Amino acid sequence: MNDDEQRQNAADVQDPEAEPQPSGTPVLGDVLLAIEELWPQSLSEPWDAVGPVVGRTSAEVRRVLFAVDPTAEVIDEALAWQADLLVTHHPLLLKPVNSVAASHFKGEAVHRLIEGGCALVTVHTNGDSAVGGVSDVLADAMGLQDVKPLAPADKGLPEEGIGRVGELAEATTLGDFAATVFSMLPAVAGGVKVAGDRNGLVRTVAVCGGAGDSLFDAVRAAQADVYVTADLRHHPASEAREGAVDGRPYLIDVSHFGSEWLWLPPAAEALDNVLRDQGYDVEVSVSGINTDPWDFILTPG
Ligand SMILES: [Zn+2]
């Protein structure tokens with residue numbers, strides 16, 4: 001018996017007085033409720049812009065594509081697949097705008113999505129902070145245990161917040177740990193950069209998907225041996241190395257895109273599960289397009 005038949009049989013024996021249960025295809029409004037359940041907007045940072053960007057709440061949603069960035073290429077992919085909803089981690093319109101004229105690439109994106117019948121929803125810092133969020137997925141992939149937030153959420157559960165810190169089951173060298181991090185992330189031109197003694201031992205690991213150089217105080221307070229994040233700028237990185245105690249925390253600088261891409265498959269699965277539990281049927285997929293902006297790198301030697 002397939003899922004539809006099971007649901008149909010269950011519906012046949014329902015109390016006729018009971019509220020009708022949803023079944024079949026959800027509308028965007030239903031999907032937004034499921035998104036809110038998984039990644040509440042209250043967990044987003046005050047400067048962020050999360051939630052629906054394009055779309056009518058009454059529009060049916062059959063196909064949902066997840067991606068890190070709402071780039072033109074990702075929108076091509078969403079429209080070619082006839083997605084009704086594109087969920088991206090990064091906002092298309094983080095700053096307020098006065099125009100969505102198609103003469104600007106952001107307005108063009110808005111036009112193409114509307115004309116193609118595809119809604120756009122942002123799940124950004126709410127997706128970072130939530131349980132099962134971006135840094136939780138990274139911590140999981142690294143095999144960390146006793147994982148806690150680096151910066152706990154103001155209005156959330158103790159497990160919610162930005163970044164995570166946890167312990168490896170066994171101490172390992174920085175070189176081997178960096179190789180593990182490299183192998184678990186999607187391949188990007190910039191690879192992975194490491195600061196510290198290749199043979200130094202690491203056990204306590206701090207991690208923050210995306211740009212995490214504002215969290216150094218929390219990384220030091222957690223006495224992390226190594227900090228894995230993206231977009232480490234010269235001054236915060238240099239000063240963290242100058243202020244290191246016994247060489248620690250070592251630094252591993254990964255691709256911003258790569259560190260967040262890893263979250264997409266479990267996020268898509270989580271949304272699918274919530275909608276399925278509510279009797280809805282959608283097809284979810286994850287974009288395979290590499291939206292890391294760098295194309296090649298020159299290194300000495
Ligand atoms: Zn990001």
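Residues numbered from 1 in each chain as written. Predicted model: local features only at pLDDT ≥ 70, side-chain atom pairs only at ≥ 80, totals over all residues.

> So what's going on with the pairing of strand β9 (residues 226–230)? Residues and values would help.
Burial runs high along β9: five of the five residues are buried. Pairing analysis gives four bridges linking strand β8 (residues 201–211) to β9, with the strands arranged parallel. The residue bridging V207 from the neighbouring strand is V228, located in β9. You can see the chain leave β8, run along helix α8 (residues 216–221) and come back into β9, and the turn it takes is right-handed. One ladder, built from five bridges, connects β9 with strand β10 (residues 250–254); its direction is parallel. Bridged to T229 within β10 is D253. Once the chain exits β9 it traverses helix α9 (residues 234–242) before rejoining the sheet at β10, and the crossover so formed is right-handed. (Buried ≥ 20, exposed ≤ 12 C-beta atoms within 10 Å, placed from the backbone. Helix = DSSP H or I, 4+ residues; strand = E, 2+ residues; numbered from the N terminus. Pairing = 2+ DSSP bridges. Right-handed = clockwise from strand over helix to strand, strands pointing away.)

> Any chance you could break down the sheet that holds strand β4 (residues 119–122) for me, citing the residues and the numbers?
Strand pairing in a sheet takes place through backbone hydrogen bonds and is either antiparallel or parallel in direction. One open sheet accounts for five strands, arranged β1-β4-β3-β2-β11; its pairing is mixed. Every interior strand has two partners, whereas the edge strands, β1 (51–54) and β11 (283–286), have only one. Neighbour-to-neighbour, the strand axes of this sheet turn through a mean angle of 25 degrees, independent of strand direction. When β1 meets β4, the two strands line up antiparallel, connected through three bridges. Each bridged residue has a counterpart across the sheet, and for V54 the counterpart in β4 is L120. Each of β2 (63–67) and β11 is contacted by helix α11 (residues 264–277), which is oriented at about 170 degrees to β11, the strand it contacts most. (Axes fitted to C-alpha atoms, helices over the stretch in contact; angles between N-to-C directions. Contact = placed C-beta atoms within 7 Å.)

> Give a detailed account of helix α6 (residues 134–141), specifying residues and quantitative values.
Most of α6 sits out of view: six of its eight residues are buried. Every buried residue of α6 is accounted for by V134, S135, D136, V137, L138 and A139. The inward-facing, buried residues of α6 contact α5 (125–129), β5 (145–152), β6 (161–173), β8, α10 (256–261) and α11. With its phi angle positive at about 80 degrees, G143 sits one or two positions after the end of α6.

> Explain the UniProt feature "binding site: a divalent metal cation" (unreviewed entry) in the protein chain residue by residue, including any values.
Under the present numbering, the feature "binding site: a divalent metal cation" (unreviewed entry) in UniProt falls on H89, H90, D128, H256 and E260. Taken together, the annotated residues stretch across 172 residues yet fold into one region, lying no more than 12.9 Å apart by C-alpha. Take H256: it is sitting in helix α10. Taking the number of C-beta atoms within 10 Å as the measure of exposure, H256 has 23 and is therefore buried. The residues touching H256, leaving out its near neighbours within four places in the chain, are G210, A211, A230 and D231. For E260, a count of 24 C-beta atoms within 10 Å puts it in the buried group. Apart from the residues within four sequence positions on either side, E260 is in contact with V68, H89, V134, G209 and G210. (UniProt positions renumbered as here; feature names shortened; annotations may be inferred.)

> Can you break down the domain arrangement of the protein chain residue by residue, with the values?
Interface size is often expressed as the accessible area that is lost when the parts come together. Along its sequence, the protein chain is organised into domain 1 (20–127 + 263–283) and domain 2 (134–256). Each of domain 1 and domain 2 has a C-alpha centre, and the two are 29 Å apart. Between domain 1 and domain 2, the contact holds five residues from the first and seven residues from the second. A per-class count over the side of domain 1 that touches domain 2 returns three nonpolar, two polar and no charged. (Domains from an automatic or database assignment. Nonpolar A, V, L, I, M, F, W, Y, C, P; charged D, E, K, R; others polar.)

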